[in-house]
Amino acid sequence: EEAAWGSGARRGAGDRDEDEEGAVERGPDAAYHGFVLMEDLMDKLKLLNYEEEALRRHNMRPFARHYFALPTNPGEQFFMFCTLAAWLITKAGHPFEQPQEYDDPNAVISNILSELRSF
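To start, this report covers the structure provided alongside it. Computed from a predicted model, the values in this text were never measured in an experiment.

The rules behind each value
Residues numbered from 1 in each chain as written. Predicted model: local features only at pLDDT ≥ 70, side-chain atom pairs only at ≥ 80, totals over all residues. Heavy atoms only, no water. Axes fitted to C-alpha atoms, helices over the stretch in contact; angles between N-to-C directions. Helix = DSSP H or I, 4+ residues; strand = E, 2+ residues; numbered from the N terminus. Parallel < 35°, antiparallel > 145°, perpendicular 65-115°, else oblique. Left-handed = near helix turned anticlockwise from the far one by under 90°. Contact = heavy atoms within 4.5 Å. Nonpolar A, V, L, I, M, F, W, Y, C, P; charged D, E, K, R; others polar. Salt bridge = Lys/Arg side-chain N within 4 Å of Asp/Glu carboxyl O. Buried < 20%, exposed > 50% of the residue type's maximum accessible area, 1.4 Å probe, protein only. Expected span 1.5 Å × (residues − 1). Phe/Tyr/Trp six-rings, centres within 6.5 Å; stacked < 30°, edge-to-face > 60°. Patch = residues over 30% accessible without salt bridge, like charges linked within 9 Å, V, L, I, M, F, W, Y side chains within 5 Å. Areas by Shrake-Rupley, 256 points an atom, 1.4 Å probe, with all protein chains shown as cover.

## Section: the packing of helix α4 (residues 74–91) against helix α5 (residues 105–117)
The N-to-C vectors of α4 and α5 enclose an angle of 25°; their axes lie 11 Å apart at closest approach. The angle between α4 and α5 places the two elements in the roughly parallel class. When you trace α4 past α5, the crossing you get is left-handed. Across the interface between the two elements, Phe 78, Phe 81, Cys 82, Ala 85 and Ile 89 from α4 touch Pro 105, Val 108, Ile 109, Ile 112, Glu 115 and Leu 116 from α5. Class assignment of the residues belonging to the contact of α4 with α5 gives a composition of 10 nonpolar, no polar and 1 charged.

## Some words on the pattern of salt bridges
With the rule as written, the count across this model stands at 3 salt bridges. Notably, a salt bridge pairs Lys 91 with Glu 53, separated by 2.9 Å at the nearest N-O pair. Of the two residues, Lys 91 sits in helix α4 while Glu 53 sits in helix α3 (residues 50–55), which places them 38 residues apart along the sequence.

## With respect to the environment of Leu 37
Assignment of secondary structure puts Leu 37 in helix α2 (residues 33–47). Leu 37 gets classed as partly exposed once you look at its relative accessible area, which sits at 46%. As for Leu 37 and His 66, which are separated by 29 residues in sequence, their C-alpha atoms are 9.0 Å apart.

## Considering α4
The end-to-end C-alpha distance of α4, which contains 18 residues, comes to 25 Å, matching closely the 26 Å that a straight helix rising 1.5 Å per residue would cover. Phi turns positive, to about 100°, at Gly 93, one or two residues after α4.

## Considerations on unusual backbone geometry
Among all residues except glycine, the phi angle is most often negative; among peptide bonds, the trans geometry is most common. Unusually for a residue other than glycine, Asn 49 sits at a positive phi of about 60°. Looking at where Asn 49 falls in the secondary structure, it is placed in the loop between α2 and α3. For Asn 49, a relative accessible area of 35% translates into the label partly exposed. Even without being a glycine, Asn 59 presents a positive backbone phi close to 55°. Tracing the sequence through the fold places Asn 59 in the loop between α3 and α4.

## Observations regarding the packing of aromatic side chains
Both the distance between ring centres and the angle between the ring planes are used here to describe each pair of aromatic rings. Overall, the coordinates contain 4 aromatic pairs when judged by the stated rule. On the numbers, 4.9 Å between centres and 80° between planes, the contact of Tyr 67 with Phe 68 is edge-to-face. Given a relative accessible area of 11%, Tyr 67 falls into the buried group. Among the aromatic residues, ring-to-ring pairing joins Tyr 50, Phe 63, Tyr 67 and Phe 68 into one connected group.

## So, a nonpolar patch on the surface
A contiguous nonpolar surface patch, about 280 Å² in accessible area, is contributed by Leu 113, Leu 116 and Phe 119. Considering the arrangement of structural elements, one finds Phe 119 in the segment after α5.

## Here's the deal with the environment of Phe 81
Looking at where Phe 81 falls in the secondary structure, it is placed in helix α4. In sequence terms Phe 81 and Phe 68 are 13 residues apart; their C-alpha atoms lie 8.5 Å from each other. Look past the residues within four positions of Phe 81 in its chain and what remains in contact with it is Phe 68 and Ile 109.

Below, the structure written as structure tokens:
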């Protein structure tokens, strides 16, 4: 093991290993990583006052702390993601049209990515 990682290098809980078939082995905390990221996201959105500025403007309810961590309603989650992305882009000073619920998902993502690349 030491030869593969160099002299004295230590592996952390999140480090990955590849087995003989090339499959990636993840640490025991990997199953919870999405939940931790979601909690960080929620903290940052609250600091930006997203409930007042983004959700109420579009008559949307606040979502659960782990809303994006598990795929419960992909269509609704996608629309919420697009709404938040459009609001964040606008908040960053780039005018961006709010996507509608029945817009083509590929076009919406393409527009979001295009705008983000222009930053």
